[in-house]
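Each chain, written out:
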Amino acid sequence: MNIIIKRIFKGPDYTIGKLYIDGKYFCDTLEDTVRAPGVKIPGKTAIPAGKYKIKLTESLRFKKLMPRLENVPGFTGVLIHAGSTAEDTRGCILVGKNRVKGKVLDSRETFQKLFTMLWVANLGGEALDIEIN
């Protein structure tokens, strides 16, 4: 499974993107602010653009299996999860529908659909890759 996030708005407080699965639009994303290379404010900085592997691993914070991005330079514990605002991200990627400025809505439902697709692909032996532009 190939996931691509195209960041379409990089604001001072948050970043909005479009998430595509195997070339088809799936949902919107919300991340922290994209900063200059080497600049990181813990819990308030988006991860660097790049290609990463996704593993479904147990999250201590959420107490369940979650999609975790591996080998993100300068970051640990980067998840894809539900949430509404940049305050919910903590350096992670939120999924939902960007219908309100600075927020994603219907995040829990969107996350559950995405997680189910990742789970099925993982069970089928597919590699889970994500590219962030």
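This text follows the structure it describes.
Residues numbered from 1 in each chain as written. Predicted model: local features only at pLDDT ≥ 70, side-chain atom pairs only at ≥ 80, totals over all residues. Heavy atoms only, no water.

All right, on to the packing of aromatic side chains then. The relative placement of two aromatic rings is captured by the distance of their centres and the angle of their planes. On inspection of all chains with the given rule, the structure shows four aromatic pairs. When the centroid spacing of 5.5 Å and the interplanar angle of 40° are considered together, the rings of Phe9 and Tyr14 count as tilted. When its relative accessible area of 38% is taken as the criterion, Phe9 is described as partly exposed. In textbook terms, an aromatic cluster arises when at least three aromatic residues are bridged by ring pairs, as seen for Phe111, Phe115 and Trp119. A cation over a ring is seen here: Lys6 above Tyr20, with NZ or CZ 5.2 Å from the ring centre. (Phe/Tyr/Trp six-rings, centres within 6.5 Å; stacked < 30°, edge-to-face > 60°. Buried < 20%, exposed > 50% of the residue type's maximum accessible area, 1.4 Å probe, protein only. Lys NZ or Arg CZ within 6 Å of the ring centre and 35° of its normal.)

Phi is mostly negative for residues that are not glycine, and the peptide bonds are mostly trans. Look at Asn71: it is not a glycine, yet its phi comes out positive at around 55°. Summarising the element assignment, Asn71 is placed in the loop between β5 (64-69) and β6 (80-81). The exposed category is assigned to Asn71, whose relative accessible area is 71%. In the Ramachandran plot, Arg90 falls in the positive-phi region, its phi being about 50° despite a non-glycine side chain. (Helix = DSSP H or I, 4+ residues; strand = E, 2+ residues; numbered from the N terminus.)

Read from one edge of the open sheet, eight strands run β5-β4-β8-β1-β2-β3-β7-β6, paired in mixed fashion. Single-partner strands in this sheet number two, and they are β5 and β6. Of the pairings in the sheet, the one linking strand β1 (residues 2-10) to strand β8 (residues 129-132) comprises four bridges and is parallel in character. Among the inter-strand pairings, Ile5 is bridged to a residue of β8, identified as Ile132. Along the sheet, helix α1 (residues 107-123) makes contact with β1, β2 (15-21), β3 (24-31), β4 (50-59), β5, β6 and β7 (93-96), crossing β5 at roughly 80°. (Pairing = 2+ DSSP bridges. Contact = heavy atoms within 4.5 Å. Axes fitted to C-alpha atoms, helices over the stretch in contact; angles between N-to-C directions.)

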